[in-house]
Amino acid sequence: MHHFCTYFDQNYLPRGLALYESLRKHCPDFKLWILCMDQTACEILSKLKLPYIQPIPLEEFEKNDEELLRAKKTRSRIEYYFTCTPSLPLYIFKHYDDVNLITYLDADLFFFADPTPLFDELKSNSIAIIGHRFPARIRELEKYGIYNVGWLSFRRDETGMECLSWWRKLCLEWCYDRVEEERFADQKYLNRFPERFGHKIIMQHKGANVAPWNIENYHLHAVGTTVYVDEQPLIFFHFQGFKQITSCVYDWGLWPYDIRMSQTLLDNIYFPYIRTLQHPLLDKLSLKTIRNRKTRQNIFIKFKNTFEWCYMFLLGILKRRFALIFNGKVIW
């Protein structure tokens, strides 16, 4: 069995459930622990009672963790989420004795094939990380970190536990959403993993963590229902920056990297993700509940959100960063 963990709040719930659906389709035997960063996400997951999922309420996760609670007071919401990243695998190791290898996943990942080849590549190593693989054109983005937090594996052994404890200590001390010397959020600390810890592997499979920032490195093509990254199958895609603006308007998240949408990218990667996000299960319970919660906002917040949405929509149309989809076809 493969053991995974992730975290998200109600805003990321559709994407988190899409990640789950993709694992259920492509991973034959797994368990996914989900740290619920707010009460709404926890309530919805509890109601859904989905197989292979174990929700973790935030209050249970924080219980008796005075260091984490002290750090929480000094962080924004997203900064606190980053701070929690190394603590989540440690929490699972502490509470579940049968877990010997845990893999953290960002909630905006989506699987297109069985991840077993990645675990085969990991072999007996204690730690697995994946590089951003920035092309030379945008190599300056390494200021945010050479490696990406999207997929991280840790084994319950001396090296794996030492690495997690060291990373947690640093995140408790400093974990902010800004670049500062050798630090950026929870991510740039990964730069020091290779030199500090042995029994680690930097994953080389081309089909792992394909993302808007590294697409141009590869030739993407489809053979039947399988997408290939050069000569290797796509295992998972990182939908960083993807946003659903309305029921038919989407921000692909490609524009910051000056990437154009190709037909293979559209038909075989983004459309399957959109179709999963529109899964009846998600709309029936989770999105309805979220919408009901959001209607309780006061008038000022509603007006502010509407103004910001209109501004971003018009800006997006002018810069052609959005796509309008109607009956399964892109018309803008």
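Attention here is on the structure that accompanies the text. From a predicted model like this one, the values you see are computed outputs, not experimental measurements.

Observations regarding the overall build of the protein chain
Line of reasoning, step 1. Looking only at helices and strands, the protein chain has 12 helices and 19 strands in total.
Line of reasoning, step 2. Buried residues in the protein chain amount to 52% of all 332 residues.
Line of reasoning, step 3. Long-range pairs, those at least 24 residues apart, make up 72% of the contacts in the protein chain between residues at least 6 apart in sequence.

As for the pairing of strand S2 (residues 30-36)
Line of reasoning, step 1. Within S2, 6 of the 7 residues are buried, which leaves it mostly tucked inside the rest of the structure.
Line of reasoning, step 2. Handedness of the crossover joining strand S1 (residues 2-8) and S2 through helix H1 (residues 13-26): right-handed.
Line of reasoning, step 3. Looking at chain direction, S2 and strand S3 (residues 53-57) are connected through 5 bridges and run parallel. Across the sheet, residue cysteine 36 finds its bridge partner in S3, namely proline 57.
Line of reasoning, step 4. Assessed by its sense of winding, the connection that carries the chain from S2 through helix H2 (residues 39-48) to S3 is right-handed.

Details of the pattern of salt bridges
Line of reasoning, step 1. Here the structure, examined in full by the defined rule, presents 10 salt bridges.
Line of reasoning, step 2. Close ionic contact of glutamate 62 with lysine 72 constitutes a salt bridge, the shortest N to O distance being 2.8 Å. On the criterion of sequence distance, the pair formed by glutamate 62 in helix H3 (residues 58-62) and lysine 72 in helix H4 (residues 66-72) is long-range, its members being 10 residues apart.
Line of reasoning, step 3. Between lysine 169 and glutamate 173 there is a salt bridge, and its shortest N-O distance comes to 2.7 Å. Here lysine 169 and its partner glutamate 173 are both found in helix H8 (residues 158-173), 4 residues apart, which amounts to about one turn of the helix.
Line of reasoning, step 4. Three or more residues joined by partner-sharing salt bridges are found here, namely Asp65, Glu67 and Arg168.

Re the sheet that holds strand S12 (residues 220-223)
Hydrogen bonds along the backbone pair up the strands of a sheet, which may run parallel or antiparallel.
Line of reasoning, step 1. Pairing is antiparallel in the open sheet, where 3 strands are placed in the order S12-S13-S14. Across the chains shown, the open sheet's two edge strands, defined by having one partner strand only, are S12 and strand S14 (232-233).
Line of reasoning, step 2. By the bridge criterion, 2 bridges tie strand S13 (residues 226-229) to S14 in an arrangement that is antiparallel. Within S14, the position partnered with tyrosine 228 by the bridge is proline 233.

With respect to the nonpolar core
Line of reasoning, step 1. Counting 44 residues, the largest nonpolar core has Phe61, Phe154, Trp167 and Phe193 as its most contacted members.
Line of reasoning, step 2. Sort the elements by how many residues they give to this core and H8 lands first, with 7 residues.
Line of reasoning, step 3. Apart from residues no more than four positions distant in its own chain, tryptophan 167 is found in contact with Thr85, Pro86, Leu152, Phe154, Asp186, Tyr189, Leu190 and Phe193.
Line of reasoning, step 4. Phe8, Phe30, Cys42 and Ala128 belong to the second largest nonpolar core, which has 36 residues in total.

What to know about the environment of isoleucine 92
Line of reasoning, step 1. Mapped onto the secondary structure, isoleucine 92 falls in helix H6 (residues 87-95).
Line of reasoning, step 2. Under the relative-accessibility criterion, isoleucine 92 is labelled buried at 0%.
Line of reasoning, step 3. Along the primary structure isoleucine 92 and phenylalanine 4 are separated by 88 residues, whereas in three dimensions their C-alpha atoms are 9.8 Å apart.
Line of reasoning, step 4. In this structure, isoleucine 92 is in contact with Cys5, Trp33, Val99 and Ile102, ignoring residues within four places of it in sequence.

So, unusual backbone geometry
Line of reasoning, step 1. Look at asparagine 64: it is not a glycine, yet its phi comes out positive at around 65°.
Line of reasoning, step 2. Inspection of the secondary structure assignment puts asparagine 64 in the loop between H3 and H4.
Line of reasoning, step 3. Note on asparagine 64: relative accessible area 68%, which makes it exposed.

Details of the sheet that holds strand S4 (residues 101-105)
Line of reasoning, step 1. Within the open sheet, the 7 strands sit side by side as S3-S2-S1-S4-S7-S6-S10. Their pairing is mixed. The sheet is open, and its two edges are formed by S3 and strand S10 (200-202), each paired on a single side. Going from strand to strand, the sheet's axes swing by 20° on average, the running direction of each strand aside.
Line of reasoning, step 2. In the packing of H1 onto the sheet, contacts are made with S1, S2, S3 and S4, and the angle to S2 comes to roughly 170°.
Line of reasoning, step 3. Sitting on the sheet, H8 is in contact with strand S6 (127-131) and strand S7 (147-155), with an inclination near 135° to S7.

Focus on the packing of aromatic side chains
Line of reasoning, step 1. Applying the stated criterion across every chain, the model contains 34 aromatic pairs.
Line of reasoning, step 2. With 5.0 Å between their ring centres and 80° between their planes, phenylalanine 239 and tyrosine 270 make a pair best called edge-to-face. Remark: tyrosine 270 occurs in helix H10 (residues 263-277) and phenylalanine 239 occurs in the loop between strand S15 (236-238) and strand S16 (243-244); sequence separation between them is 31 residues.
Line of reasoning, step 3. Owing to a relative accessible area of 0%, phenylalanine 239 belongs among the buried residues under this scheme.
Line of reasoning, step 4. Among the aromatic residues, ring-to-ring pairing joins Phe110, Phe112, Phe237, Phe239, Phe242, Tyr250, Trp252, Tyr270 and Tyr273 into one connected group.

Digging into H2
Line of reasoning, step 1. Every buried residue of H2 is listed here: Thr40, Ala41, Cys42, Ile44, Leu45 and Leu48.
Line of reasoning, step 2. Remark: lysine 49 follows H2 within two positions and exhibits a positive phi of approximately 50°.

Overview of the pairing of S4
Within a regular strand, the side chains alternate between the two sheet faces.
Line of reasoning, step 1. Among the 5 residues in S4, 5 count as buried, and that is most of the element.
Line of reasoning, step 2. Residues Leu101, Thr103 and Leu105 point to one face of S4 and Ile102 and Tyr104 to the other, with burial holding for every one of them.
Line of reasoning, step 3. Pairing of S1 with S4 involves 2 bridges; the strand directions are parallel. Counted as the bridge partner of cysteine 5 is tyrosine 104 from S4.

The rules we used
Residues numbered from 1 in each chain as written. Predicted model: local features only at pLDDT ≥ 70, side-chain atom pairs only at ≥ 80, totals over all residues. Heavy atoms only, no water. Helix = DSSP H or I, 4+ residues; strand = E, 2+ residues; numbered from the N terminus. Buried < 20%, exposed > 50% of the residue type's maximum accessible area, 1.4 Å probe, protein only. Contact = heavy atoms within 4.5 Å. Right-handed = clockwise from strand over helix to strand, strands pointing away. Pairing = 2+ DSSP bridges. Salt bridge = Lys/Arg side-chain N within 4 Å of Asp/Glu carboxyl O. Core = buried A, V, L, I, M, F, W, Y, C linked by side-chain atoms within 4.5 Å. Axes fitted to C-alpha atoms, helices over the stretch in contact; angles between N-to-C directions. Phe/Tyr/Trp six-rings, centres within 6.5 Å; stacked < 30°, edge-to-face > 60°.

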